[in-house]
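Here are the chains, one letter per residue:
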Amino acid sequence: MTNSMSLQDLLAKNKKDLDQIRKKYIPKIGRDKIITGYNLYLEKFDYSDGNLFLNYLHSDLKSTDKHYRELIKNFSENGFFLEEKVRVQDKLLNKIGTLERQAYYKTNLDEWDNPEGMIFYDVDGEMISSERVLSYTGILIGESLQSDLLIKLGGMKELKKLVSLFKKYASIYKLDRNGRKLKGFDGDYIENVDAVTNSWDVPLLTITSKRNEYLNLRDFVPVFQFDVEESLGETSIILSTLVGTNNQKVRKFLNSEKKCFETTKKYASRVFMEDYIDV
């Protein structure tokens, strides 16, 4: 069922409930360090039509965003048309769909280009004023409205081609066969001259296989996605986080809070897991 109110409007209308969620989960990022971030969604993607899916998470995935438009153009020039229809069980369906998400994650002001308008918090979920941010020496948790792009895939051949295109165009650094950042002779990471506008350090990609088969891909490793029921006012929302080796710690925490949650096995970019999740 689709909600009539946007996620942004719901967040603005229920600031008190949102702050309670922050105070509960941000310490798990910055102080307890059992997760490295989470997203709030108004609804979940529908994975019922199809067997293989890829999600791409970024801040600029609206049709008017330059990052999105340049990706679409480059993918099309390489024979991969994201905006076409696909046929699944005799039904024509959109190949892609997007959802808004409110993103929370540990950030780095020195190395990352954070989205415009990002709000920062300390490890206890207390907001840090814009005047203090630049001189703040502790761990920073960023909050911003971003997007999640879902792509339906016809099979492994199509998946591998799409992953190679994301590696080529959506990373500011060149990536090797395992999805890791390549270094030059000077020890610095090699810049990717093909990267589109506002590409991230590495593309944040996850794969969902409805057949629950083991995917033997060099670039990806297994991961658990926890989807937790939360609420803003009288509206149910989903808090989602990717978890690697801290799976049991997160499960124990959610059980202690008496939270209803589901776990789904997915596959996430290897370098993202190594650099940002399992650290």
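**Points about the overall build of the protein**
Inference 1: A count of helical and extended segments in the protein gives seven helices and twelve strands.
Inference 2: In terms of overall size, the protein behaves like a compact globule, its C-alpha atoms giving a radius of gyration of 19 Å where 279 residues would be expected to give roughly 19 Å.
Inference 3: For the C-alpha atoms alone, the extent of the protein along its principal axes is close to 55 × 45 × 35 Å.
Inference 4: Going through the 279 residues of the protein one by one, you find that 50% of them count as buried.
Inference 5: For the protein, the exposed area adds up to about 14900 Å²; of that, 47% sits on carbon and sulfur atoms.
Inference 6: Charge centroids of the protein, computed over 43 positive and 43 negative side chains, lie 5 Å from each other.

**Section: the pattern of salt bridges**
Inference 1: Evaluation of the coordinates by the stated rule reveals 19 salt bridges.
Inference 2: Between Lys24 and Glu230 there is a salt bridge; the shortest N-O distance is 3.4 Å. Placement of the pair is Lys24 in helix H2 (residues 15–30) and Glu230 in strand E10 (residues 220–232), with a sequence separation of 206 residues.
Inference 3: A relative accessible area of 23% places Lys24 in the partly exposed class.
Inference 4: One salt-bridge network, held together by shared partners, links Asp19, Arg22, Lys23, Glu126 and Glu143.

**Remarks on the environment of Lys106**
Inference 1: With respect to the helices and strands, Lys106 occurs in strand E5 (residues 96–107).
Inference 2: When its relative accessible area of 33% is taken as the criterion, Lys106 is described as partly exposed.
Inference 3: As a C-alpha pair, Lys106 and Glu143 span 37 residues in sequence and 9.3 Å in three-dimensional space.

**So, the nonpolar core**
Inference 1: Of all hydrophobic cores here, the largest spans 28 residues; its most connected members are Leu54, Phe75, Ile151, Leu162, Phe166 and Ile207.
Inference 2: If you list the elements that add at least two residues to this core, you get strand E2 (52–58), helix H3 (66–77), strand E8 (140–153), helix H5 (156–169) and strand E9 (204–209).
Inference 3: In terms of residue count, H5 provides more of this core than any other element does, six residues in total.
Inference 4: In contact with Phe166, other than residues within four places in its own chain, are Leu54, Tyr56, Leu71, Phe75, Ile151, Ser171, Pro203 and Leu205.

**Some points on the packing of aromatic side chains**
Inference 1: On inspection of all chains with the given rule, the structure shows eleven aromatic pairs.
Inference 2: Both rings, one in Phe75 and one in Phe166, keep their centres 5.0 Å apart while their planes meet at 85°; by these two values the pair is edge-to-face. Taken together, the residues span a long stretch of sequence, with Phe75 in helix H3 and Phe166 in helix H5 at a distance of 91 residues. Just as Phe75 is buried, Phe166 falls in that class too.
Inference 3: Among the aromatic residues, ring-to-ring pairing joins Tyr25, Tyr38, Tyr104 and Phe253 into one connected group.
Inference 4: When the ring centre of Phe80 is taken as reference, the NZ or CZ atom of Lys95 above it lies at 4.4 Å.
Inference 5: A cation sits over an aromatic face here: Lys181 above Tyr189, 4.6 Å from the ring centre.

The rules we used
- Residues numbered from 1 in each chain as written.
- Predicted model: local features only at pLDDT ≥ 70, side-chain atom pairs only at ≥ 80, totals over all residues.
- Heavy atoms only, no water.
- Helix = DSSP H or I, 4+ residues; strand = E, 2+ residues; numbered from the N terminus.
- Rg over C-alpha atoms; globule rule 2.2 N^0.38 Å.
- Buried < 20%, exposed > 50% of the residue type's maximum accessible area, 1.4 Å probe, protein only.
- Areas by Shrake-Rupley, 256 points an atom, 1.4 Å probe, with all protein chains shown as cover.
- Lys, Arg positive; Asp, Glu negative; His and termini not counted.
- Charge placed at Lys NZ, Arg CZ, Asp CG, Glu CD.
- Salt bridge = Lys/Arg side-chain N within 4 Å of Asp/Glu carboxyl O.
- Core = buried A, V, L, I, M, F, W, Y, C linked by side-chain atoms within 4.5 Å.
- Contact = heavy atoms within 4.5 Å.
- Phe/Tyr/Trp six-rings, centres within 6.5 Å; stacked < 30°, edge-to-face > 60°.
- Lys NZ or Arg CZ within 6 Å of the ring centre and 35° of its normal.

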